Each structure stands twice: as C-alpha cells, then as structure tokens.
Amino acid sequence: MKYDVIVVGGGHAGCEASLAAAKMNKKTLLITSNIMNIADMPCNPSIGGSAKGIVVREIDALGGVMGKIADKSQIQMKMLNDKKGPAVKALRAQVDKKIYPEEMLKELKNTDNLEIMESFVSELVVDMNKIVGVKTLDGQELKAKSVILTTGTYMDSSILIGDKREASGPHGEKTINDLSKSLKKHNFELIRLKTGTPPRIDKNTVDFSQTREEPGSKDKKYTFSFKGRPTYKYDDQMSCHLIYTNSTTHEIINKNINKSSMYGGLNDIEGVGPRYCPSIEDKIVRFADKDKHQLFLEPESRYYDDIYIQGLSTSFPKEIQEQIVKTLPGLSNAKILKYAYAIEYDALKPTQLHQSLETKMIENLFTAGQINGTSGYEEAACQGLLAGINASLKIDKKKPFILKRNEAYIGVLIDDLITKGVQDPYRLLTSRAEFRLILRHDNADLRLSKYAEKYGLIEEEEYKKFQQKERNIQKLENKLKENKLKPSEEVNAELLKIGSSIIKDGITFFNLLKRPEITISFIKKFINIDDNEEVIEQVVINSKYEGYINKAYREAEKMIRLENKKIPKNIDYNKIQNLASEARQKLNEVRPTSIGQAIRISGVNPSDVSILMVYLKKGGLDE
Amino acid sequence: MDDTIVGISTTMGVGAISIVRLSGKEAIKIASKIYKGSNLKKVKSHTIKYGHIYSGDEIIDEVLVSIMKTPNTYTKEDIVEINCHGGITTTNKVLELCLTNGARLAEPGEFTKRAFLNGRIDLTQAEGVMNLINSKTEQSRKMSINQLGGSTSDQIKKLRQYLIEIIAQIEVNIDYPEYEDIEVLENEHLKPKLSKIKKTLSKIIKDSEQGKIIKEGIDTVIVGRPNVGKSSILNMLIDEEKAIVTDVAGTTRDIVEGQINLDGILINLIDTAGIRKTKNIVEKIGVDKSMQLLFKNDLVLYVVNNNEDITDEDIEILNKLNDRNYIIIINKNDLEQKLNIEKLKKYKNIVHMNTITNEGLEELKNIIKKMYNLETFDSKDMTYVTNAKSLSLLKKSLKEIHKIEEGIEKEIPIDLLEIDLKQIWSNLGEITGETLHDELIDQLFNQFCLGK
C-alpha cells in the first residue's frame, strides 16, 4: 500500500495537514495513537484570543477547518479588544471539549482521499536522505511520498507531579520514544521543552456566588469562519467566572515551594517552560510583591462537569494542589477531578526547517505543531495546514507556499521559528508582528482567499462570494471618494449637533469619515449606502486609519524588496572573508533564503549583510 | 539600494571645503528642498551651480553644488555633491538637513558598495570593498562610542527603558485584555508620559547643541557703525589670548579672525565681510542679505560709541536682533557720554567698555557665560550628542511625539499611536546601537505577571 502523504499524529496540526493534503487530491493516511483523541484539547477549553484569533481566521481563509469547527462547538464567543483599534481586535471562543473533537472526526471521515489508522509510528524509513515511509511499533512498514510529523508533546514525554516523574503523554496517553531515537539517528538536533496544565474541578462543588461572572459578547453573533453564518443563541452561551488568589494561597505555596517539581521536587528537569504560561508557583516567586493573581473558571463542556482553572497551572503534589484550591473563593468545597501536571517532551530545533516546513536534512519530511517548538492549538493548526499544502505541492513538483511576514500571522510565526529558533515554547503575540495594522482580524479573507483558490482549498461558490465582497468594497470606497458633502445651513447644523466642526467647502465623504466623531450612519443621511456591514467596515477602516495603513504598506514594501534578494541554496559561508565569526556560524545554521531573512537573524549585523551582498554580487559576476 | 544615502565624503576637520554627498533616486529632489539658486531638477548633468543652503528661511551656507546624473557617476545613481565652506558646524548642519529631508545616512563604505553592486567597479576590487566595509564599520563603531559621552548614553538608555515600559504595557493590554490587575493604558494616561519624554528629548537636543558649541566654539560677529571701535574691541579680545590666535579658514567670505578661549569655551571671532578691511558695515547692513549674514552666527556683539548718540539705524538693527543672542557694547567709556542711555532701556546685555584699560572685559565674559549656560556646563562631562545623524534622530523623535499628540486629539486608538512610540524607541536604539526586536518580548514577560 503506498500513500502520497502520511501524517503522524491526530492533533490540531495533524488534522489540518491531512485535510489539506486530501483536498489537494493526495492519497492521505492519518496515523493516530487513539482515534478518540483526534483533535483533543488537553489544556485550555478555548480557541482564538489575541493574535491567535486572527490566525484562526487566516486558517479559515486559506481553506482550513479550525474556524468552522470552533464555530460549531462554541459555548461562548467573545470579541477581545473591542474598544481598541481595528488592528488588535480578536475573537475567542470557549469551545466544548467533547463536541470539538467529534466535529473534527466527522470532518475527517467525510473527506475523500483520507484514511485514519490507529497505530504508533516508531521509525522513519529514509532512503538517500529522502523519506519513503514509516514503520509502526507493531512492525508494519507504510510507504509514502511524503511524511508530516505532528506528534505534539508525545515524543519521549514525561508527566511531572511533585517528586514523581512518569513516562507518559498528556493525560495518561502512551508516549513514544522510538521516534526521538529515529530522528537523532538521522542527525536531527532535539531540544527539551516543558509545559503545564492546571487542575480541573467539579462545577457542582463550586459556589459561584463568590465569583464574578464573565459572559461572552452579546452585541453581535461572531464567527471565526468567513463562510459560515452563526446559528447559536446568545442566551445559550456559557459564562466563565473570575476569582483571585489570596494571602492564604500564597502562604501555602511559599511554605511548600520545594515540593513543586520545578523548585526541587525533581532535580533532573531539562525542559524549558513557556514564559507566557508560568505556573502559579513561578508567578508567586517571581512577582513576590503581588498580593493576588487572577484566575478564570472556564467550563470545559456542556456534557460533563469539569471546570478548568485558568492561571493555576502547577507541578505541586496532589495533596498541595488540594490545599491550594480550597483557599480560593467559592472553591472551599471544590472537588478536583483531574490534577494539574507539568509535561516534558522532545521537540525539533526549528532552525532545521525550510520555510515550507520541510526538514533540511530529509527531503519530503515535514514537521508541524509542538514538535517545532510552538505551543497552542492555533499555532499548531496553521503549521499543519501549511505543511499539508507544501507536502502536496512538493509531490506535484510545484513551488512551496510561503507566507510573508506582511501577509499573515502564520508567516510571522513560521519565519520566527526557522530564523530565530526557540528557547521556550513559542506563542504568537501581536507584538511579534511588524505589520499588525495590515494583519487584521477583519481582512484575513481579503489577504488570503486568493491562495485558497490557487490551491483548490475553497469551494467555487464561496470564492465567487468573496470576489463580490472585494468588488463591493472597492465600489463603496470609490463612491465615497468621488462624492462630496457640500456646505449648507442644514449640513452644518447636523455637523454641529454631533459636536463636529462645520464645513466651508465641499469635502469628500471619504475624508469626512476621517473625523473621529463621524460615523457611517451619519454619512448615510447624505448619501445612499446599501452595502452590508462587512463591506462598510473595510471602507471605514481604510478611511479612518488611512495614514497609518499607508505607512505600514510602505514599510512592508521595503521589507519585501529585501525578501526578494535571494541567497543561493549552495552558498558556502566559510568562503566569505570578513564575515564576523558569530554571523558566519548563525548563517550556516539558519541558511536564510533571502537577504531580508538574513537581517532578522540575531547575531548577524548590518555590516555582515553588506559583506554578504557584495559577495553575492561577485558570485554573479563570476558566472 | 532603493533609498537615497548621504554622507560627508571629505575627512572632517581637514581642508577648508567639506563635501556632503547624496546618492540615489531622490538625491536631486532632496538637494532641491534645501538649496536655493538654480533649479537643480533642470540643470544639465555634470555641472556645478552656485547657491545657498537654507534651513527654512535661514541661510546655512554658501555653496557650490555638483549635479551628476545616472548612469555616468561613481555609484551609477544620481549624485549631488554639496561643497560646503562653513567648517565643521555648517557641514554637519547641511548633513542633518539632508537627513531630515528624506536621505538615510550612508553606512560605512556604502558609496563604494553601491558603486560595486551597480557594476561600476570590477571584480578585482570586490575583496577590497569588503575589507573597506569591515574596517570602516570598526572605525565608526569606535568613533560613535567616543561620540556618545557616558551620561548622554545613559540618558538615552533610560529614556528607551521608559518608552519600552509604556510600549510593553500597551502590548500587554492587547495580548492579555482580560488581565484586570494590569492597568489599562488609555490615550489620557499617555499625555503626561509624552510630555515627560518630550522634556527629556528637548533637553538632550539642547545640551547637544550646547555641546557642539563647546566643541566647535561660538561663532561671534562684531558689528556697528563706522568708528565705534569695532577693530579695537576685536584686537583687545585677541590680545587677551594671544597664545591661541590662529587663522582658521571659514567660508570664502567670512574669515575667522581668531579664536579666544573663554574658560575652556572657544569663541570664534568672525570678521563679517571684514571689519578691518571695509569699515562700512552699517551701510551694508541696510541690505537684507547682509543682515542675514548676522543671523548666521551664534552671537552678535553690537558696538555703539559712548561719545555719540544712538541713531535710528542702530535701533532698527537692534530690533531685528531681538530674538538672537546679542550683547550691546558701549565703547569708549572714557570719553564724554553723549549717548542717551534711555534709548537702550528696553535692551538687555549692555556692557560698558574701554579698550585701553580693558574695562568691561570681565563683564563681557560673564554675560557670554551666562547666555550659554557655560557656568553650569561641565565640559569634562560631555553630555551631548555631536554627530549629525544622532541629532537628526533625536529631532525626528521629537516630531513623532508631536504626531502622537495630534493623534490623541483625533482619538486615534492607542495601539496605533504605539506604532509611533516604537519608532521613537527604535530611533533612540539606533543612537545607542541597540535595536533588538526581541527586547520587547523579554520586557513583556519581565514586567508583567502573565499566563494561564
């Protein structure tokens, strides 16, 4: 049996990877250790959030499924940063941990060209530095033109609670260490990372009267997907609840600090934990002056009673976890259903990857998700999607699909990974993007639908609808730019009424809209606009923030010019005289494909880049 | 390679003429913005034009400008060379004007690099170019370390730290919108922070300009009607410090007659159009152009004769000097007072002098010291930025602050204003030589307690 693409791992990266490959007409096999764990959410019960929510929309625009499935399984939708500028708005859903995997499994099963198999992959089968298949633990050899590893935290993982270390995947699933060995055998450099998860408690044992309710957004029916229309009811949404730690909590933590795995409970920890997701003991040690820390109680499902305590990730022994939980408001009688734990696992040093997520060492082998040093469902899913697309393109002998930093957060993420590597698990943040005013939540479809169409990942009907939207935006913008509001007593009276200043000469509606107090409904009094909200939103943003947006585009152009200066694959950095030795070493490690990428490598200075450019030009003359 | 670069292509402080060289698509456009004379956009390639460099309405230097159009130039791009005559200070100012008008400061060896990349220099020279870049980088690195005195560098670093704390807070509000224990920074909160930054920036700029004075001296011109004793004052000042009188080449027209050292501060005495030679300066002053020559200099010593009354011409000139640094010297104090002192009541900085007894010399020095805050200025502690690039980055940053303040008025959301804040932060980083994007991420996690 020979497949085009084998995907190893059925998490968020694996699902998107196999769906993309199958939709691109590749005979695809998804191998998972446990079919019940497809698209499992072993940590927080939410999808999206700042920056990540924008990634989910990008995945949707590119033809991935995370957005659509989150929409189907949501139990609460919230628009974050609603009061801030357009660049930083982001959607977050609390999703039902039971429904999300079910819906994903349905999606996988309903996709042509896609098979699912329960098994453990233990070895890569490589011939002449090319992947040709995988071997499973039970001795099968499966052949494929391309393999995508999306093993998450399952490679040589161990769970840490207090002074106990146990070889195990997330919540007791089996871990695989043979694959780590196989990768090392093929000269991959592995790093050790660590992450953690908080305890879950029984919602029937919580006194919610001592907490503050945090409902979702109720002004609109938000969805991740540009295509789907919302079907949920506002009052059907579930709430989260806010509580704080207190001095008693901190006392217990301080008293028992050396019982935490990370603070002496275990002394053989190598894994580096994520900075953005510190354990509660980390927070209390590092920020000793803070007298309280915020915690959110988040429901995991409509169908079972677990409540996830966001902010209380820890590696204390079980009995200390019990003591800590009991100090929290409303939780004095709380019953812990699952204990918190930290997990250590193997990941690949991501500088060993090409921009397409293909490994540099082994051709046609791709990796995506936590194995590449990231953290988060969204970060994993978008890499999976790109790896799936690129594995398929490679088989078709086509150019890889690479998103630039000014095109998508996905582009920022992958470029960061392969250019800078990771020290701790990588999370997307808005501050990682240089051009976030271009990379907005509201325009992900405008940025990326063309690629979905190019790779056959969007239905024709949907694409036509999108093109119509594009045209409508242009039409409305032109209309507002071509038509002027002329001064008159009546017009000026209306302006004064809303606290705006009067006009003496005609002003285009587009320019009038730039005034902070002028809304589209005000403009509608003077000019007929019958477009839908989505179209109007784009034109309003283009008017109100025109200066900033144009500046961002100019900056982006500068960057693109440098991206377009390519560095040949076979360049020998040892031959370039005058390069600083640190730069030489970093350039050899990362092997950037363009001058633009070379500049972003830490340790490579402008003078090194100049020398590199001169050397390249010289090479050009040599030929 | 698509932007326009500028650099001083002669060695600073060596030779009477310094050349500021622009290369790139916008070279002619940028030069036109600061030059008055011929229309540079229309002149033929490889010609030289006479004219003046202006900063707003103020003449900076009298120059010759060479225009060389692509492709027959050193870099194969449009090149404009501005031949400056005014010494270090004016050359730096011309450079700064080019920078603020859209040029970028050339990296070490960049003209040669462009010449090479554009195919002007052949293969055999390539290695040489790389060596050049290497050595010049090292050179300029050393230089910039020396240029940045410890305390300015500290001040800028502190300012950057202050900025990044604000930026990190804005970022954290975006990335962790539900963290209630972190104060949400609104436009209103930004205002006092901005004025604090503005204050610090303005101070560094002011100190730097003052620093330049310390390093390069105060250009001082002595003017007055005929026979008021300008020459004797000039001679008295020079006699005072005979040991260091030197002839320094200035502009073609203005000759630095001598430099005197005032408690460590150089005073460049400039003989505008030659007091010694022409004696009829006041007739010239009636002409606007000559008047502008007065404004070019840092300090004007206006001399009147105690033995004659003030004329309307005197009053007219003094009124024009109103917002400049000037000192009125009432000379010939030993002679009978015919001057009506009432007429000078509304002017400040008046010194009575007698060039024979040196009366008033100390007072003159004290006024100058006070005027330039030289008493509070510790010349050993060089708290200033001397190079034009750094100064232009500081001034650009100040402009950004004004832009943010405008944005606040227009109710622009804070996450957009932050883009300009980041620009300032990166400008300052360029001065101190640290612009690492990852600093921000580090700051985020060090400053705030975040996480799930």
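What counts, and where the lines are drawn
Residues numbered from 1 in each chain as written. Chains lettered and ligands numbered in written order. Predicted model: local features only at pLDDT ≥ 70, side-chain atom pairs only at ≥ 80, totals over all residues. Heavy atoms only, no water. Buried < 20%, exposed > 50% of the residue type's maximum accessible area, 1.4 Å probe, protein only. Helix = DSSP H or I, 4+ residues; strand = E, 2+ residues; numbered from the N terminus. Pairing = 2+ DSSP bridges. Axes fitted to C-alpha atoms, helices over the stretch in contact; angles between N-to-C directions. Parallel < 35°, antiparallel > 145°, perpendicular 65-115°, else oblique. Left-handed = near helix turned anticlockwise from the far one by under 90°. Contact = heavy atoms within 4.5 Å. Nonpolar A, V, L, I, M, F, W, Y, C, P; charged D, E, K, R; others polar. pLDDT = per-residue confidence, 0-100. Core = buried A, V, L, I, M, F, W, Y, C linked by side-chain atoms within 4.5 Å. Arc of directions from axis to C-beta.

Participant: What is the right way to read the pairing of strand S1 (residues 2-8) of chain A from this model?
Facilitator: Regular strands place side chains that alternate from one sheet face to the opposite one. Residue and element names in this part refer to chain A. With 6 of 7 residues buried, S1 is to be regarded as a mostly interior element. In terms of strand pairing, S1 meets strand S9 (residues 141-149) through 6 bridges, oriented parallel. Looking at the pairing, Val5 lines up with Ser146 of S9.

Participant: What is the right way to read the packing of helix H12 (residues 460-482) of chain A against helix H16 (residues 533-544) of chain A from this model?
Facilitator: Two quantities define a packed helix pair, namely the angle between the helix axes and the distance between the axes. Residues and elements named next belong to chain A. One can describe the packing of H12 onto H16 by two numbers: an axis separation of 9 Å at closest approach and a directional angle of 50 degrees. Classified by the angle between their axes, H12 and H16 sit oblique to one another. Handedness of the H12/H16 crossing: right-handed. Touching Lys469, Asn472, Ile473, Leu476, Glu477 and Leu480 of H12 are Glu534, Val535, Ile536, Gln538, Val539 and Asn542, all from H16. Per-class residue counts for the contact of H12 with H16 are 6 nonpolar, 3 polar and 3 charged.

Participant: Explain the sheet that holds strand S2 (residues 18-23) of chain B here, please?
Facilitator: Strand-to-strand pairing in sheets goes through backbone hydrogen bonds, with the strands running parallel or antiparallel. Residues and elements named next belong to chain B. Strands sit in the order S3-S4-S5-S6-S2-S1-S7 across an open sheet of 7 strands; the sheet is mixed. Looking at the sheet topology across the chains shown, the edges are occupied by strand S3 (35-36) and strand S7 (104-105). Sheet strands touched by helix H3 (residues 110-117): strand S1 (5-8), S2 and S7. Its angle to S1, the strand with the most contacts, is close to 130 degrees.

Participant: Explanation requested: the confidence of the model for chain B in the structure shown.
Facilitator: Close inspection of predicted coordinates is inappropriate in any region flagged by low pLDDT. Overall, the prediction assigns chain B a mean pLDDT of 75, with 69% of residues at 70 or greater. Model confidence for chain B, summarised as mean pLDDT per element, is weakest for helix H8 (residues 275-278) of chain B at 40 and strongest for helix H1 (residues 27-34) of chain B at 94.

Participant: How do you make sense of the sheet that holds strand S4 (residues 74-80) of chain A when you look at a structure like this?
Facilitator: All names here are of chain A. Ordered in space as S3-S5-S4, the 3 strands form an open sheet in which the pairing is antiparallel. Looking at which strands have only one partner, the edges of the open sheet turn out to be strand S3 (46-48) and S4. Direction aside, neighbouring strands of the sheet carry axes that sit 20 degrees apart on average. Sheet topology note: the S3/strand S5 (residues 90-95) ladder contains 3 bridges and is antiparallel. Bridge assignment links Ser46 to a residue of S5, and that residue is Gln94. Set on the sheet, helix H2 (residues 52-61) makes contact with S3 and S5; between it and S3 the angle comes to about 75 degrees.

Participant: What is the right way to look at the environment of Leu365 of chain A in this model?
Facilitator: All names here are of chain A. Structurally, Leu365 is set in strand S20 (residues 365-367). On the basis of relative accessible area, Leu365 is assigned to the buried category, the value being 0%. Along the backbone, Leu365 and Leu124 are 241 residues apart, and their C-alpha atoms lie at a distance of 9.3 Å. When residues no more than four places from it in sequence are discounted, the contact partners of Leu365 are Leu124, Ile131, Val147, Leu149, Phe188, Leu357, Glu358 and Thr359.

Participant: Help me understand the nonpolar core, please; the structure alone is not making it clear to me.
Facilitator: Most often, soluble globular proteins keep nonpolar side chains buried together rather than apart. Counting 87 residues, the largest nonpolar core has Ile47, Tyr100, Met104 and Ile410 of chain A as the members making the most contacts within it. A total of 11 residues in this core trace back to one element, the largest contributor, which is helix H9 (residues 377-395) of chain A. Among all residues touching Tyr100 of chain A, those that are not within four sequence positions of it are His12, Ala39, Met41, Ile47, Met66, Ile69, Ala70, Ser73 and Val95 of chain A. Listed in part, the 38 residues of the second largest apolar core include Ile167, Leu201, Ile205 and Leu391 of chain B.

Participant: Would you explain the pairing of strand S8 (residues 130-136) of chain A in this entry?
Facilitator: All names here are of chain A. Here strand S7 (residues 121-127) pairs with S8 via 6 bridges, running antiparallel. Across the sheet, the residue bridging to Asp127 is Lys130, located in S8. With antiparallel pairing between neighbouring strands as the criterion, S7 and S8 make up a hairpin whose turn holds 2 residues, including Met128 at a positive phi of roughly 50 degrees. Here S8 pairs with S9 via 3 bridges, running antiparallel. When the bridges of S9 are listed, Lys135 appears paired with Glu141. The hairpin formed by S8 and S9 contains 4 residues between the paired strands, and Gly139 there has a positive phi angle of roughly 90 degrees.

Participant: Any chance you could explain helix H11 (residues 312-320) of chain B here in plain terms?
Facilitator: Structurally, the α-helix is built with 3.6 residues per turn, so residues lying three or four positions apart point the same way. Of all the residues in H11 of chain B, the buried ones are Asp314, Ile317 and Leu318 of chain B. Buried residues of H11 of chain B fall within an arc of 100 degrees about the axis and therefore sit on the same side.

Participant: Hey, could you run me through the environment of Met371 of chain B in this one?
Facilitator: Tracing the chain through its elements places Met371 of chain B in helix H12 (residues 361-371). Considered as a pair, Met371 of chain B and Asn325 of chain B are 46 residues apart in the sequence and their alpha carbons are 7.6 Å apart.

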